[in-house]
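Listed here are the chains, written in short residue letters.
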Amino acid sequence: MTMYKFLLAASLAVTGSLSQAATFVMEKHGTGHAIDGNGGAQTGQQLYLWETNLTNLNQHWVQLDRGNGYYAYKKENTNLCWDAGSGASRQQAVTLQECDESNYDQHFAKVKVYPSSEIYRFAKRGAQEFSLDGGGDAANRQDIYLWSSNSDNINQQWQLFRVDDSNDPDEDSNDNTLAIATAFDDDSSHNNYPAANAIDGSTSWESRWAASGSPVNLTVELEEVSRVTELGIAWGRGDSRVYTFEVYARPGTSGSWTKVYDDISSGSKADIEVFDITDIDAKQLRIKTFENTSGSSWTNLTEVEVYGGGESNGDPGNDEIPANITDGSIFDLEGANPHPLVNSSTLVFVPLEAQYISPNGNGWRQEYKVKQSLRVAMTDVYEVFEADVKVEMSDAGKTIIAQHHAGGLGTIMKLYVSDSSESGFDDSVAGNGIFDVYVRLRNTDGEEEKYALGTIRSGDSFDFKMVNDYGYVTVYGMGRAFGIPVEDDADSYFKFGNYLQSQNTYTRKNCGEPGNSESFAQCFTDLGITESTVTMTNVSYTRIAD
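Rules of the game
- Residues numbered from 1 in each chain as written.
- Predicted model: local features only at pLDDT ≥ 70, side-chain atom pairs only at ≥ 80, totals over all residues.
- Heavy atoms only, no water.
- Buried < 20%, exposed > 50% of the residue type's maximum accessible area, 1.4 Å probe, protein only.
- Helix = DSSP H or I, 4+ residues; strand = E, 2+ residues; numbered from the N terminus.
- Pairing = 2+ DSSP bridges.
- 1 Å grid on protein atoms, 1.4 Å probe; cavity = no way out; pocket = protein on both sides within 12 Å on 5 of 7 lines; lining within 4 Å.
- Points joined across faces, edges and corners; volume = space filled by probe spheres on them.
- Core = buried A, V, L, I, M, F, W, Y, C linked by side-chain atoms within 4.5 Å.
- Contact = heavy atoms within 4.5 Å.
- Disulfide = S-S within 2.5 Å.
- Axes fitted to C-alpha atoms, helices over the stretch in contact; angles between N-to-C directions.
- Salt bridge = Lys/Arg side-chain N within 4 Å of Asp/Glu carboxyl O.
- Polar contact = N/O pair within 3.5 Å; in protein donor to acceptor, adjacent residues only side chain to side chain.
- Lys, Arg positive; Asp, Glu negative; His and termini not counted.

**Q** Explain the pairing of strand S32 (residues 472-477) to me, and be specific about the residues and the numbers.
**A** Of all six residues in S32, six are buried, a share of seventy percent or more. Pairing of strand S31 (residues 460-469) with S32 involves six bridges; the strand directions are antiparallel. Along S32, the bridge assignment pairs Lys465 with Tyr476. Linkage of S31 to S32, two consecutive antiparallel strands, is achieved through a turn of two residues, within which Tyr470 is found at a positive phi near 50°. Pairing of S32 with strand S33 (residues 480-485), which is carried by six bridges, proceeds in the antiparallel orientation. Among the inter-strand pairings, Tyr472 is bridged to a residue of S33, identified as Pro485. Between S32 and the antiparallel strand that follows it, S33, lie two residues; Met478 among them carries a positive phi value of about 55°.

**Q** A description of the pairing of strand S34 (residues 493-500) should follow, citing residues and the corresponding values.
**A** Each regular strand displays side chains that alternate between the two surfaces of the sheet. Taken across its eight residues, S34 has eight buried, putting it largely inside the fold. With burial as the criterion, each face of S34 is covered, one bearing Tyr493, Lys495, Gly497 and Tyr499 and the other bearing Phe494, Phe496, Asn498 and Leu500. As paired elements, strand S25 (residues 365-370) and S34 share five bridges and run antiparallel to each other. If you follow Tyr368 over to S34, its bridge partner there is Phe496. Bridge count between strand S27 (residues 398-405) and S34: six bridges; the pairing is antiparallel. The partner of His405 across the bridge, within S34, is Tyr493.

**Q** Let's hear about empty space enclosed by the protein: which residues, and what values?
**A** Under the counting rule described, the total for this entry stands at two cavities of 30 Å³ or more. In this model, the largest cavity occupies a volume close to 50 Å³. As for the largest cavity, its lining consists of Pro215, Glu246, Tyr248, Lys288, Phe290, Ile434, Thr455, Ile456, Arg457 and Asp460. Looking at the lining of the largest cavity, the elements with two or more residues in it are strand S18 (243-250), strand S20 (273-292) and strand S30 (448-457).

**Q** Account for unusual backbone geometry, with residues named and values stated.
**A** For the peptide bond that leads from Ser214 to Pro215, omega is 5°, which places it in the cis range. Structurally, Pro215 is set in the loop between strand S16 (209-212) and strand S17 (216-235). Asn337 connects to Pro338 through a cis peptide bond whose omega is 0°. Here Pro338 lies in the loop between strand S22 (331-334) and strand S23 (341-343). Even without a glycine there, the phi angle at Tyr470 is positive, about 50°. Inspection of the secondary structure assignment puts Tyr470 in the loop between S31 and S32.

**Q** Would you mind going over the nonpolar core in detail, with residue names and values included?
**A** Ranked by internal contacts, the top residues of the largest apolar core, which has 49 residues, are Phe385, Phe462, Phe494, Phe496 and Met536. Element by element, the count of residues in this core is highest for strand S26 (residues 381-393), at five residues. What Met536 contacts, discounting residues up to four positions off in sequence, is Ile321, Ser345, Thr346, Leu347, Phe349, Phe385, Ala387, Asp388, Val389, Ile401, Phe496 and Gly497. Grouped together as the second largest cluster of nonpolar side chains are 29 residues, Ala183, Ala211, Leu218 and Val260 included.

**Q** Describe the state of the cysteines, naming the residues involved and giving the relevant values.
**A** Simply put, disulfide is the name for a covalent bond between the sulfur atoms of two cysteines. Counted under the stated rule, the structure contains two disulfides. The disulfide partner of Cys81 is Cys99, and the gap between their sulfur atoms is 2.0 Å. Disulfide Cys81 to Cys99: torsion about the S-S bond roughly 100°, handedness right-handed. Within this pair, whereas Cys81 is found in strand S6 (residues 80-83), its partner Cys99 is found in the loop between strand S7 (95-98) and strand S8 (108-112), the two being separated by 18 residues in sequence. Its relative accessible area of 0% is what places Cys81 among the buried residues.

**Q** Describe the sheet that holds strand S28 (residues 411-418), naming the residues involved and giving the relevant values.
**A** Think of a sheet as strands paired side by side through backbone hydrogen bonds, with each pair either parallel or antiparallel. A sheet is described by the order of its strands in space; here seven strands give the open sequence S22-S25-S34-S27-S28-S29-S30, paired in antiparallel fashion. Both edges of this open sheet fall to S22 and S30, since each of them pairs with a single strand only. Recorded for the sheet is a direction-independent mean angle of 10° between the axes of neighbouring strands. Looking at chain direction, S28 and strand S29 (residues 434-442) are connected through six bridges and run antiparallel. Within S29, the residue paired with Ser418 across the bridge is Asp436.

**Q** Summarise the pattern of salt bridges; cite the residues concerned and give the values.
**A** Scanning the entire structure with this criterion turns up 23 salt bridges. A salt bridge links Arg440 to Glu448; the shortest N-O distance between them is 3.2 Å. Here the residues in one salt-bridge network are Lys414, Glu422, Arg440, Arg442, Glu448, Lys450 and Glu487, joined through shared partners.

**Q** Can you lay out the environment of Lys450 for me, pointing to particular residues and giving the numbers?
**A** Along the chain, Lys450 turns up in strand S30. In the structure, Lys450 is positioned 37 residues away from Met413 in sequence and 9.7 Å away in space, judged by C-alpha atoms. Apart from the residues lying within four places of it in its own chain, the contact partners of Lys450 are Glu422, Ser423, Phe425, Val439 and Arg440. A distance of 3.3 Å separates the side chain of Lys450 from the side chain of Glu422, its partner in a polar contact. A distance of 2.8 Å separates a polar side-chain atom of Lys450 from the backbone oxygen of Ser423.

**Q** Any chance you could break down the environment of Arg66 for me, citing the residues and the numbers?
**A** You can see Arg66 is positioned in strand S4 (residues 61-67). Separated by 41 residues in the primary sequence, Arg66 and His107 place their C-alpha atoms 7.1 Å from one another. Ignoring any residue separated from it by four or fewer positions in sequence, one finds Arg66 in contact with Tyr71, Ala72, Asp100, Glu101, His107 and Arg125.

**Q** Any details on the side chain of Arg121? Residues and values, ideally.
**A** If you trace the backbone, Arg121 turns up in strand S9 (residues 119-124). The charged side chain of Arg121 is buried without a salt bridge, its nearest counter-charge being Asp152 at 8.7 Å. Separated by 2.7 Å, the side chains of Arg121 and Ser131 make a polar contact. Of note is the side chain of Arg121, whose polar atom sits 3.0 Å from the side chain of Ser151. Apart from the residues within four sequence positions on either side, Arg121 is in contact with Ala109, Lys110, Val111, Val113, Gln128, Ser131, Ser149, Asn150, Ser151, Gln156, Tyr476 and Ala481.

Here it is as structure tokens:
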């Protein structure tokens, strides 16, 4: 941390927590140079790098919520916003233009690069295969432009330092506070420190919620379904310990949860600390806490506040399933009984009922797969698949949600949900009801690389997006992303659904005989796998083949 950053962090620790008008300095990670808009308000000025200075207003960018997970960034004290121009191409300049809420060239998705960090990639709306890039190394006046999206590219990794102060007398930090009706936990709290203490308006230690175990859950319920954009948490003794936690939300008082945040607390604040969660329409929010750096098994939390604006945007998950998935023009369906299209906006995949098998397969499946006649090399097709995915699965279950398959038996990309002992993920414990969500990609050397996206429990939901940009595959989900150039195959094809693996996830050894349905039935019985349902909403698929 530079001296500028140290001084500002110390100032914020004294003056209080952060306000809702989020303003950031954005430093190219590890370089000491930040995004700078030059002096004054110059329309057409190209963004460039300059030595990081948290007190330099030319480096202050006000975050404007444009909805659906997109943001605009306005230079402080001006009406000029980042603008990436029409279309998208490599080295396309990013300039300052008059802010226009309806101009998608000024909208960017924040893609978290590393968990437990404030390091993001900024992808252009409508062209998410291109992101803000600061070029190699760093120097004053080095131009910022668009380049092919790659979260592993250090030139696209931006560390955010929040520089606004909620105790500014000209700011009303409660303008966006949503009314909380009640709070409750999972019966893990101390009798003297119940869940109600977390919403009593006091951040005193004596008025805390205290719960023992890992994880423990605190749920707050809003008075009405509202658009939620941020969550405020006052951690018990949060200025001396760091908490690991996740946040989930749902639009009602029952049904599946969607993960909207996954990080750690700062360890420097005892008052309200504000977290910028994925925008969502919600009635309930659940804070799931794990370990903390004090070594204690107790979670202590003194207050929770929920922030947002306006009414709910309506029920999520009501976009109709596009015809190009179900009409047979692109996809064949493996396992049509029962049919996965349960209504116009929902696909439900149930392999324990469909029991579809393939000659070399390792389990029951129900999937859509690209037709034989349309299979081409990965480098000859541009594809985007998106869906909100809900998984209901028995403990120790394992399934493949989506994959790119090679012409033979090989695979190029696989998205797993697995309660397995396989190492290298966020949980990696078999049979505990915590499912790792992760991706495997086969690189151009033919070696598989794996990357954790997060964890869920049965009944939870997560967002998923896959982009194949002519052989460069990127997978997005749960606030994380991973992408590399992949091994090519002349007859590659994409498929998605629920491919339930016949595998003992404790030993990670396959069970049964390939293509033998009776052996799979016995295996699933022996393994205790009685539930495997994958529900997809907000599904879309785009394909452009050369």
